[in-house]
Amino acid sequence: MSATEPWVGRPLPRFEDDVLLRGEGRFLDDLSPVAHTCHAAVVRSQLAHAGIVVDVRAALAAPGVVGVLTGADVMALSRPFPAGIDSGTPQYATAIETVRYVGEPIAVVVARDRYLAEDAAELVDVDYDPLDAVLDPVAAAATAVHDRTFAYGDVTAAMAQADLVLRQTFHVPRFTCTPVECYAVVADWDATEGRLTTWANFQGPFTLHGVAAAALGLRGDRLRLLTPPDSGGSFGTKSSVFAYIVLMGLASRHLRVPVTWTEDRLEHLASSAAATGRTTEVEAGFTADGRLIAVRYDAIEDVGAYVRAPEPATLYRMHGSLTGAYTVPNVGVRNRVVLTNTQPSGLNRGFGGPQLYFGLERTMAIAAKRLGLDPAELARRNLIPADAMPYRTPSGALYDSGDYAACLDHALELADYAGLRTRVEKARADGRLAGIGIACIVEPSISNMGYITLAQTADERALTLPKSGNAEGASVSINPLGGITVRLATTPQGQGHRTVCAQVVADTLGCTPGEVTVMSEMDTASVPWTVASGSYSSRFSGVAVGAVQAAALKLRAKIDAIRAHAGDENLSLRRVAGMAHWNPEGRPAGEEPGLSAVAFWAPPTLDPPDDEDRIASSAAHGFIVDICAVEVERATGQVRVLDYVTVHDAGRLLNPLLADGQVMGGFAHGLAAALYERHVYDESGNLMTASLVDYLTPTAPDIPALRIGHLSSPSPVTALGAKGIGEGNTMSAPACVANAVADAIGRDDVELPLTPPRVWNLLDHGDGG
Amino acid sequence: MTEITVTVNGQTVVEQVEPRLLLTDFLRHRLGLTGTHVGCEHGVCGACTVRLDGVAVRGCCLLAVQTDGSVVETVESLAGDGPLSPLQAAFKRHHALQCGFCTPGILIAAEDLLSRGHPSHEAIVDMLSGHLCRCTGYTPIVAAIEEARDAPALARAEEPAG
Ligand code: FES
Ligand code: FES
């Protein structure tokens, strides 16, 4: 590499790695941020739905117990969590008199250590009065707590003109991304000042700081959230730590001791945040030559026992992209949200994408079969053409850039599509069950904070403050010795944000990345942040990088002014810093003293929803083509992936090594949803997937080799042209694998996850059964 | 309380412990060796893997008292104060860690495997079936272990620029 080549774009290994490899990472449970903390254990519901009477006397008398926080205390000290819609079932930090899912917090026992707390938690006596549990979201649709219908174009007329109308129901089950580190919270209530300081492996502040503060009845500045330097993965799931920030905050407040709590795996599986389950009837109209002219969705969204913030966001995150990668002029959707007696939903990698694309991309595969077209050809006839970019979808997204046909060609070439077809034909000729699947999806990133207001009608929205945009802040400071420190507000959990920011700042200030210290710890009292700050919707490379670069550019301008003032444009950074700090009176006229800059950045295209309910739901839009071949074992129903190719256009790659890491990680989650993972509740609402023995996550032998290709259409709406890349394969892989399995076994009704018994049951066993 | 004597990363420690204290809690919260992680406490995720008398074991499924008189090695022992070990350096080169939470357990298990000869690709993948990583998709982990097996010097030599 030449010395002048930018650092951005290089596959630089990470600065994060050394401490992690040496076991010197600082995860929250490794730390004691306040002295003399007591340990919490949470008493949880054993039943899916019941009235409860709680007796804590025995627990209070147990050795080492400091006290117990009950539902009555929670009710007295806090308010329900605000949510995007009023479901009529308010949620507090614990159950109040009624439990609504297995694992719901009932009380918190605080003791001198975790062992004693868990001993005492077993002594809390809960008397249950069982109630009927609602477990089938479709059967519960009549009692939906949210029901909105949207139409763009004339769906009914187009459907009437279509030569082929398909109608099929698709179900995406509830799964959870299960980071290897569970939730952790330390809460320290300051009674004198009425202030709560909490440390958590949270990924906000995001909108959820405000939700937590509202539940606690605290002014925003009185709820200080901090995160440790390291967090053991999240994939969205840790956004719901906020509910436990409130719970442990209340325990600390009530019992007047600092409280620490680290969730165990059984708690995590029962009561963290599973994705929503969605049942969607898709109706799609095609012309005889394969043009998709209308699509209509009827979606029933299972959010679990409560509508917990930011829900019902899963339903609306993809709203601008209802037509996927295709030029479909007419699209309609009915969105219903139902409550069931299962764990509440929350962010999980892909967030709404898997739910949307499973229906759309399965429909495309089924249509190809009916129309007698190769699925790649059907896709090609419908993909948005490159010369239509930037492209406004009927529901309002502005696709910023891309050459979808070129990506398809690249994927077909990388997969040796003709060769793959031959291979599959040969396997079939040998009597084996083999098939090919394709998925073409748009991967949106950088969510519009206003999309959630689509849950309201335009008239309702008119009565409130408009919501829009997605802004991020950052600061870059140079100390008296020339040391550079960046503060970030994206609270990463392993994505390598610190390394990428060091690359960006190095290019702007003319130093090496190794000379830049990037602090990614959140502290709502000192980091420049906005209501959008945090890790979700793959917003780092677009928005946070924009803020970091903007701050560095401000500083660069000041450094240049100082150099010009001194008459030496080669003055070292250290010298400039010394002058700025030690001789502020000698600074150039018009310049502020100091050598530090704060900047905020937001993409320019994220308006609030308009009166026709159109929304630019995301700023950047990557594109992915996945192609895979599978073989299904006739005797067992086992699906084996023979080959998997994914081609991404995520704009400019800031660090290709890390970008591929995100692709491989997203693919593993997508494949897990395709073949392995779902939460199962029995007919009484007991969680059957309550341990990692029962909730089957794939390990190394289960993940097939992935061949990755990249094209690059830089985004015109992000600072450096980058788009999100970490979620796409969670959206594409379930559909792609399902399409391949459907092709292999000749059935349209394949369901996720494609486990051996379910696939086996779909096979024609030649016995009439 | 029971007195135990354990050699941890080369140092002999004598401690009074409750019989029910887990080895992971002993290492993390008594000795401050927080590099050993806890992801499930029921023997599935492998994050807690340490070497007990040279053999990779699950720290969460052992009590501290069971290690009395034994030698325990944790991730902190791999490089000590020196440069990254060849295996650690290979992990860095291959971007075989993201959040790094699974990493200590995998490093210990991989060191254990590599210390027993020249494992095949299949043997490495098979060993990894005892570990959960939710970030990387495993492929870079396999590549890193293979590189450390084949070319330990290369892995050590390649420190990143910048
Ligand atoms: S913590 Fe020991 S195996 Fe998961
Ligand atoms: S690197 Fe995060 S779990 Fe493996």
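Residues numbered from 1 in each chain as written. Chains lettered and ligands numbered in written order. Predicted model: local features only at pLDDT ≥ 70, side-chain atom pairs only at ≥ 80, totals over all residues. Heavy atoms only, no water.

Tracing the backbone shows His-669 of chain A in helix 18 (residues 656-675). Setting aside its immediate chain neighbours within four residues, His-669 of chain A contacts Cys-177, Phe-235, Arg-349 and Thr-730 of chain A together with Arg-134 of chain B. (Helix = DSSP H or I, 4+ residues; strand = E, 2+ residues; numbered from the N terminus. Contact = heavy atoms within 4.5 Å.)

This paragraph deals with the interface of chain B and chain A. With 54 residues of chain B at the contact, the number on the chain A side is 56 residues. Each partner contributes to the roughly 4300 Å² buried at the junction of chain B and chain A, and carbon and sulfur atoms together form 58% of this total. The largest contributions to the chain B side of the interface with chain A come from Arg-20, His-95 and Arg-134 of chain B, which together make up 19% of the buried area. At the junction of chain B and chain A, the tally comes to 6 salt bridges. One salt bridge in this structure joins Lys-92 of chain B and Asp-18 of chain A, with 2.4 Å as the shortest N-O distance. Counting the contacts that link chain B with chain A gives 22 residue pairs in polar contact (both at pLDDT 80 or more). (Buried area = accessible area lost by both parts, 1.4 Å probe. Salt bridge = Lys/Arg side-chain N within 4 Å of Asp/Glu carboxyl O. Polar contact = N/O pair within 3.5 Å; in protein donor to acceptor, adjacent residues only side chain to side chain.)

Residues and elements named next belong to chain A. Running from amino to carboxyl end, helix 16 (residues 540-566) crosses helix 17 (residues 573-582) at an angle of 85°, the nearest separation of the two axes being 10 Å. With respect to helix 17, the axis of helix 16 lies roughly perpendicular. The residues of helix 17 that touch helix 16, namely those facing Ile-559, Ile-562, Arg-563 and Ala-566, are Leu-573, Val-576, Met-579 and Ala-580. Taken together, the residues of the contact of helix 16 with helix 17 sort by class into 7 nonpolar, no polar and 1 charged. (Axes fitted to C-alpha atoms, helices over the stretch in contact; angles between N-to-C directions. Parallel < 35°, antiparallel > 145°, perpendicular 65-115°, else oblique. Nonpolar A, V, L, I, M, F, W, Y, C, P; charged D, E, K, R; others polar.)

By a widespread convention, an interface's size corresponds to the accessible area lost as its parts come together. Residue and element names in this part refer to chain A. According to the domain assignment, chain A consists of domain 1 (17-23 + 471-601), domain 2 (32-131 + 178-271) and domain 3 (400-448 + 617-769). The C-alpha centroid of domain 2 is placed 36 Å from the C-alpha centroid of domain 1. Here domain 1 packs against domain 2, burying approximately 1400 Å² in sum over the two surfaces, 53% of which is carbon and sulfur. Counting across the domain 1 and domain 2 interface gives 1 salt bridge. Measuring nitrogen to oxygen at the nearest pair gives 2.6 Å for the salt bridge that ties Asp-523 to Arg-224. Joining domain 1 to domain 2, the criterion identifies 9 residue pairs in polar contact (both at pLDDT 80 or more). (Domains from an automatic or database assignment.)

Let us look at the packing of aromatic side chains. Residue and element names in this part refer to chain A. Taken as a whole, this structure holds 10 aromatic pairs over all chains when the rule is applied. A ring pair is formed by Phe-81 and Phe-242, whose centres lie 5.3 Å apart and whose planes are at 75°; its orientation type is edge-to-face. Of this pair, Phe-81 sits in the loop between helix 3 (71-77) and strand 4 (98-99) while Phe-242 sits in helix 7 (residues 242-255), and the two are 161 residues apart along the sequence. Phe-242 shares its class with Phe-81; the two are buried. Here a set of aromatic residues connected by ring pairs shows up, and it is made of Tyr-183, Tyr-244 and Trp-261. Against the face of Trp-7 rests Arg-10, its NZ or CZ located 4.0 Å from the ring centre. (Phe/Tyr/Trp six-rings, centres within 6.5 Å; stacked < 30°, edge-to-face > 60°. Buried < 20%, exposed > 50% of the residue type's maximum accessible area, 1.4 Å probe, protein only. Lys NZ or Arg CZ within 6 Å of the ring centre and 35° of its normal.)

Strand pairing in a sheet relies on backbone hydrogen bonds, with the paired strands running either antiparallel or parallel. Residue and element names in this part refer to chain A. Reading across the sheet, the 4 strands line up as 21-20-19-22 and stay open at both edges, with mixed pairing between neighbours. Pairing within the sheet leaves two strands with one partner each, and these edge strands are strand 21 (516-519) and strand 22 (596-601). Direction aside, neighbouring strands of the sheet carry axes that sit 20° apart on average. One ladder, built from 5 bridges, connects strand 19 (residues 472-478) with strand 20 (residues 484-488); its direction is antiparallel. Across the sheet, residue Ser-475 finds its bridge partner in strand 20, namely Arg-487. Taken strand by strand, helix 15 (residues 497-509) contacts strand 19, strand 20 and strand 21, and its axis lies near 140° from that of strand 21. (Pairing = 2+ DSSP bridges.)

As for its placement among the helices and strands, Val-44 of chain B is situated in the loop between helix 1 (23-30) and strand 3 (49-52). Those residues in contact with Val-44 of chain B, other than ones at most four positions away along the chain, are Leu-692 and Val-693 of chain A together with Arg-58 and Gly-130 of chain B.

A few words on the sheet that holds strand 11 (residues 223-226) of chain A. Residue and element names in this part refer to chain A. One open sheet accounts for 7 strands, arranged 3-5-1-12-9-10-11; its pairing is mixed. The open sheet has two free edges, formed respectively by strand 3 (65-69) and strand 11, since each of these has just one partner strand. The average angle at which neighbouring strand axes cross in this sheet is 25°, direction not considered. Where strand 1 (residues 38-44) meets strand 5 (residues 105-111), 6 bridges bridge the pair, whose relative direction is antiparallel. Bridging across to strand 5, His-39 finds its partner in Ala-111. In the packing of helix 7 onto the sheet, contacts are made with strand 1, strand 3, strand 5, strand 9 (184-190), strand 10 (195-200), strand 11 and strand 12 (259-262), and the angle to strand 9 comes to roughly 40°.

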